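Secondary and tertiary structure notes
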Amino acid sequence: MGKLEFNYDSAMIKSHEYENLKPMVLAAHEQLHAGTGAGNDYIGWLDYATTYDREEFARIKSAAAKINEMADVLIVIGIGGSYLGAKTVIDALSHSFYNELPKERRKTARIYFAGHQISGTYLTDLLEMIEHESVCLNVISKSGTTTEPAIAFRVLKNALEKKYGKEEAVKRIFATTDAKNGALRQLATANGYETFVIPANVGGRYSVITPVGLLPIATAGIDIDAFMAGVTEGQAEYSNPNIDENICYQYALLRNVMYNKGKAIEVLVNYEPSMAFLAEWWMQLYGESEGKDGKGLFPTKMNNTTDLHSMGQMIQDGPRHVFETVVRVASVEKDIVLELEDNDLDGLNYLAGKTMSYVNENAFKGTLEAHVDGNVPNLVVTMPTKDAFHLGKLMYFFMKACGVSGYVLGVNPFDQPGVEAYKKNMFRLLGKK
Ligand code: PA5
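Residues numbered from 1 in each chain as written. Predicted model: local features only at pLDDT ≥ 70, side-chain atom pairs only at ≥ 80, totals over all residues. Heavy atoms only, no water.

What follows is about the site of the ligand. Around the ligand lies a shell of 13 residues, among which S82, S141, S143, T146 and Q284 are the nearest. For the ligand, an oxygen atom lies 3.0 Å from a polar atom in the backbone of G81. The separation between an oxygen atom of the ligand and a polar side-chain atom of E288 is 2.9 Å. Protein contacts shield 87% of the accessible area of the ligand, which totals 390 Å² for the unbound molecule. (Near = heavy atom within 4 Å. Polar contact = N/O pair within 3.5 Å; in protein donor to acceptor, adjacent residues only side chain to side chain. Areas by Shrake-Rupley, 256 points an atom, 1.4 Å probe, with all protein chains shown as cover.)

Below, the structure written as structure tokens:
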């Protein structure tokens, strides 16, 4: 339906650097598809778009409709892979001031997030804000035991039970968790919440295409059929073993070329505020998948042109250990034409008749040129339009590239043993038995 584009200046690498890595990318492709690589019990996301439970998918749509009938506010409780994907899609595809719009205009529930940190201030303020609102909760935790969402859920569940009584609160709570295991599954069964399943073979950071992402996304009024159609197309297109025809594998290959050439940092760059959260999701995906065994590119972000006025100097003139991956949206969604003014006191008449998107596009082109000239290689991924279909395809593009890139790097891209270290110390300090 719609192709993503992938471009880079071929002068930034030598052809042997590209050719030398091709056999490794092909081997990674084969390992991933044959299920013979490290972490192979967590590759359920690979073909999820063709295997997912259609009955559950229909139930997600009904639950979203029920939430929108019952509530003005949906609070999504989760951390890491259990919230980043949903927030990315909702931010990207909704009005920039979605939660502030009047109900008649928005039509669907306002969406807030909780359980992604341990701040008493945040949760107190959230409780105050929802005091006179009608509320539903979607609590999301694969393990069902993660401290941050468990604390937020305990507090918010109690608030709902006080407000509505136990019986009505049950109707307003939706749990997304493992099919059998974990405290949240037990709690949901004991209380009779409607539940959705996070497949055992899909890790958190690869789970936006499962009920983890789909229920909040559908509740925000976003077309999850189109989103999954994009994922499905990505699944088919990016399984082509011919690397010269597969832009997803080219991206995986080039980031390893960059790493081997001494680049230590990859910056995900965007020029649309609604796309800013994509970088948060992407940073978790690549940081948690590749940062292990003393290896991995450090993933970070620039939201331009904002960050050109804070980090621009560092990128242009600092240590040459950085490359950038720009995510662009080719078509214009909404625009403003700059008008001619008689006195031109602000000196902007040279832009009269031009649009803000034209200015933004030239900011992108000028920055790319300056950074490439300054020896900061740029890779550019272009979405033709910012819609559910292409966002689904883009997210699959990054997930597939991550699996392949991790295997080329020689790590297990599907585990996260390092995340346990802080928890162990925190539990010791808290005296957890
Ligand atoms: O990608 C991951 O595995 C993590 O970010 C998890 O999603 C995160 O820690 C939340 O875990 P859970 O869904 O088990 O509460």
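This paragraph deals with the pairing of strand β2 (residues 73–77). By the criterion of burial, β2 is predominantly enclosed, with five of the five residues buried. Of the two faces of β2, both are covered, the one formed by V73, I75 and I77 as well as the one formed by L74 and V76. Looking at chain direction, β2 and strand β3 (residues 110–114) are connected through five bridges and run parallel. Residue pairing in the sheet places I75 in a bridge with Y112 of β3. (Buried < 20%, exposed > 50% of the residue type's maximum accessible area, 1.4 Å probe, protein only. Helix = DSSP H or I, 4+ residues; strand = E, 2+ residues; numbered from the N terminus. Pairing = 2+ DSSP bridges.)

Turning our attention to the packing of helix α3 (residues 54–70) against helix α10 (residues 211–219). Interhelical geometry of α3 versus α10 gives an angle of 40 degrees and a closest axis separation of 8 Å. On the basis of their axis angle, the class for α3 and α10 is oblique. The crossing of α3 and α10 is right-handed. The segment α3 lies against α10, with E56, F57, I60, A63, A64, I67 and N68 engaging P211, L214, L215, A218 and T219. The class makeup of the residues in the contact of α3 with α10 is nine nonpolar, two polar and one charged. (Axes fitted to C-alpha atoms, helices over the stretch in contact; angles between N-to-C directions. Parallel < 35°, antiparallel > 145°, perpendicular 65-115°, else oblique. Left-handed = near helix turned anticlockwise from the far one by under 90°. Contact = heavy atoms within 4.5 Å. Nonpolar A, V, L, I, M, F, W, Y, C, P; charged D, E, K, R; others polar.)

Another point: the packing of aromatic side chains. Within this structure, the stated rule accounts for 19 aromatic pairs. Centre to centre, the rings of W45 and Y206 are 4.9 Å apart; their planes meet at 20 degrees, and the pair counts as stacked. Of this pair, W45 sits in the loop between α1 (15–34) and α2 (48–51) while Y206 sits in the loop between β6 (194–197) and α10, and the two are 161 residues apart along the sequence. Grouping residues by exposure puts W45 and Y206 together as buried. Ring geometry for Y251 and F397: centres 5.7 Å apart, planes at 25 degrees, overall stacked. One end of the pair, Y251, is in helix α12 (residues 247–260); the other, F397, is in helix α16 (residues 388–409), with 146 residues separating them in the sequence. Classification of Y251 as buried rests on a relative accessible area of 0%. With relative accessibility at 0%, the residue F397 sits in the buried group. (Phe/Tyr/Trp six-rings, centres within 6.5 Å; stacked < 30°, edge-to-face > 60°.)

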